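Each chain, letter by letter, is given below.
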Amino acid sequence: LSKPHMDTPWALRRRPAGLLLLVLVASAGSCRRGKVAPLRGEGGVGATSARVVVANYTCPSELLGSATVMGSTTGGGSAAPVTVTTLDELVAYAGRAEPTIIRMKGMIAVPPELQPFHVPVGSNKSIVGADAQSGLVGGGLLIKGAQNVIVQNLIIALPVGTDGITVQAAKHVWIDHCELYSDTKHSTDYYGWLVDIVHGSDFVTLSWTWFHDHYNTVQVGHSDRNSLEDANHLTVTIHHNLFQGPVFGELVFGELRVRFGTVHVFNNHYQNITGYAIAALKDARVAAEENVFDNVAMPFTNEHDSSTGVFVGEIEDLGNICYPSCANAILHQAGRTFTFMPSNSYSYLADSTDSVPVIVGACAGPGTTQTSNTVGPGDRIVTADADLLSGTLQP
């Protein structure tokens, strides 16, 4: 579900925020017979989005997966929210010691003279967008050595020379209902990864997020040679996300690359991907469940860009669907036993594969749900403290 096919009667363009839409869900039979029609629009900085109900199905907002294991992920908890509109304010509040709910209003831009630039985020923080047109452009968020962080309802665009969201040596992080993208006009290393989960991070959930127009999208584990730090860590759940490549173009795109991690990937929609969708490399274990691969050159692989030349990643194929076929999928080495079962770690209920394109297309991205952490305009707002903002921004 992405760019609308004009010859498809039930395909809907993005509408102004606040308009409730009813989307008719295609039958299971029609989904299996051919490609599912796209729903989303182009999505520039500050593009509008809609709150959607699909056949009486309200877009979910609950936390699932790895971020619920060995503790909870509550972000700023019950702290009084603060609203920020400038980069100085965002840096000041993201780095403070106290639990904080930070409400970003509007698109906050990193000026070119500060790029590459990331905003360090401390423990016990919620960073949420005030609406579907709020976020950060030109830089990224760095969650390093922190615990209990929620990033929600944000646009993060064009992170020049840095990652959109870096999760490094962190625990209990939830990234939810965001939109992350760059462009394909520059070289592959002009931007960083859109989400980079590295250096032994644990208990991370990435959900209901729209990724598009990027070369390398999500990475779990940064190097084949980092086993001392990463082995038995990098526990991640990735569910109900929309991964979208360009409809036209010959560039090769990769979506999810995993080293060492134990990663559960379920109910995602991959569309128009000219490279791989899921690459399981050095000692990775990936349970891929009820995903949809629509016009994807290589749905699964364990043979991509391994510096050691030893390809030992494993992928378990659990009820996935590919259009037109999964013929190019490389799962795991013969003779190896796959033992990772996500249900042993947490409770969840996967949606039917047939419903994934419609549900994900309608509900992934900012502005599609209202959660307890997404502060509304009627909530009490605390203005920025002058003493927090006296410092000078540093890249």
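A few points on the structure. Keep in mind it's a predicted model, so treat the numbers as computed, not measured.

About the cut-offs
- Residue numbers here run from 1 along each chain, matching the order of that chain's written sequence.
- Residues qualify for local features only when their pLDDT is at least 70, as the model is predicted, and side-chain atom pairs are given and counted only at 80 or more; totals for whole chains, interfaces and linings, by contrast, use all residues.
- The basis for every side-chain value is the complete set of non-hydrogen atoms in the structure, without hydrogens or water.
- Sulfur atoms of two cysteines make up a disulfide when they are within 2.5 Å.
- Elements are defined by DSSP. Helices are runs of H or I of four residues or more, strands are runs of E of two residues or more, and each kind is numbered from the N terminus.
- Relative accessibility under 20% of the residue-type maximum defines a buried residue, over 50% an exposed one, and the middle range a partly exposed one, all with a 1.4 Å probe and only protein chains included.
- The criterion used for residue contact is that any of the two residues' heavy atoms lie within 4.5 Å.
- Two strands form a pair only when DSSP identifies at least two bridges running between them.
- Here an angle of 0 to 180 degrees is reported between the N-to-C directions of two axes, which are lines fitted to C-alpha atoms, with helices fitted over the stretch in contact.
- One side-chain nitrogen of Lys or Arg within 4 Å of one carboxyl oxygen of Asp or Glu is enough to make a salt bridge.
- Geometry of aromatic contacts follows a simple scheme: Phe, Tyr and Trp rings, the Trp one being its six-membered ring, pair when their centres are within 6.5 Å, and the pair is stacked under 30 degrees between planes, edge-to-face over 60, tilted otherwise.
- Only four residue types enter the charge count, namely Lys and Arg as positive and Asp and Glu as negative; His and the chain termini do not.

Description of the state of the cysteines
Part 1: Under the definition given, this model contains two disulfides.
Part 2: Paired through a disulfide, Cys 59 and Cys 363 show a sulfur-sulfur distance of 2.1 Å. Classification of the bridge connecting Cys 59 and Cys 363 rests on its S-S torsion, roughly -80°, and on that basis the disulfide is left-handed. Note that Cys 59 is positioned in the loop between strand E3 (57-58) and strand E4 (81-84) and Cys 363 in helix H4 (residues 356-363), a separation of 304 residues in sequence. With respect to burial, Cys 59 and Cys 363 carry one shared label: buried.

So, unusual backbone geometry
Part 1: The step from Gln 115 to Pro 116 runs through a cis peptide bond, and the omega angle for that step is 0°.
Part 2: With respect to the helices, strands and loops of the structure, Pro 116 is situated in the loop between strand E6 (107-109) and strand E7 (118-120).
Part 3: At Asp 213, a residue that is not glycine, the phi angle is positive and equals roughly 55°.
Part 4: In this structure, Asp 213 sits in the loop between strand E18 (210-212) and strand E19 (216-220).
Part 5: Notably, Leu 234 is not glycine yet its phi reads approximately 60°, a positive angle.

Structural notes on helix H2 (residues 87-94)
Part 1: Of all the eight residues making up H2, six are buried; the element is thus mostly covered by neighbouring parts of the structure.
Part 2: Taken together, the buried positions of H2 are occupied by Leu 87, Glu 89, Leu 90, Ala 92, Tyr 93 and Ala 94.
Part 3: Tucked inside the fold, the buried residues of H2 contact E4, strand E5 (100-104), E6, E7, strand E8 (125-129) and strand E9 (135-137).

Quick notes on the sheet that holds E5
Part 1: Taken in spatial order, the ten strands make up an open sheet running E4-E5-E8-E11-E14-E17-E20-E23-E25-E27, and their pairing is parallel. Edge positions in the sheet fall to E4 and strand E27 (314-318), since each of these pairs with one other strand and no more. Strand-to-strand twist in this sheet, taken as the mean axis angle between neighbours without regard to direction, amounts to 10°.
Part 2: Sheet analysis places strand E14 (residues 171-176) next to strand E17 (residues 202-207), joined by five bridges and oriented parallel. Each residue of the ladder has a partner; that of Asp 176, found in E17, is Ser 207.

Regarding the pattern of salt bridges
Part 1: Applying the stated criterion across every chain yields a total of two salt bridges.
Part 2: A salt bridge links Arg 96 to Glu 98; its shortest N-O distance comes to 3.2 Å.
Part 3: A salt bridge links Asp 202 to Lys 171, with the shortest nitrogen-to-oxygen separation between them at 3.4 Å. Of the two residues, Asp 202 is situated in strand E17 and Lys 171 in strand E14; the sequence distance between them amounts to 31 residues.

Regarding the packing of aromatic side chains
Part 1: As enumerated under the stated definition, the model contains seven aromatic pairs in all.
Part 2: Look at Phe 243 and Tyr 270: their rings are 4.7 Å apart centre to centre, the planes differ by 5°, and that puts the pair in the stacked class. With a gap of 27 residues between them, Phe 243 in strand E21 (residues 242-244) and Tyr 270 in strand E24 (residues 269-280) connect regions that are remote in the sequence. Each member of the pair Phe 243 and Tyr 270 is classed as buried.
Part 3: Ring geometry for Tyr 270 against Phe 293: centres 5.0 Å apart, planes inclined by 10°, an arrangement best described as stacked. Linking Tyr 270 in strand E24 with Phe 293 in strand E26 (residues 292-301), this pair joins segments that are 23 residues apart in sequence. The pair Tyr 270 / Phe 293 is uniform in exposure class, with both members buried.
Part 4: What links up through ring pairs into an aromatic cluster is the set Phe 211, Phe 243, Tyr 270, Phe 293 and Phe 300.

Considering H4
Part 1: Within H4, eight of the eight residues are buried, which leaves the element mostly enclosed by the surrounding structure.
Part 2: All of the buried residues along H4 are Val 356, Pro 357, Val 358, Ile 359, Val 360, Gly 361, Ala 362 and Cys 363.
Part 3: Positive phi appears at Gly 365, one or two residues downstream of H4, with a value of about 100°.

Here we look at the side chain of Lys 125
Part 1: Here Lys 125 shows up in strand E8.
Part 2: Despite its burial, Lys 125 pairs with no opposite charge, the nearest such side chain being Glu 98 at 6.3 Å.

Brief notes about the environment of Val 137
Part 1: Tracing the sequence through the fold places Val 137 in strand E9.
Part 2: Taking the C-alpha atoms as reference points, Val 137 and Tyr 181, separated by 44 residues in sequence, lie 9.8 Å from one another.

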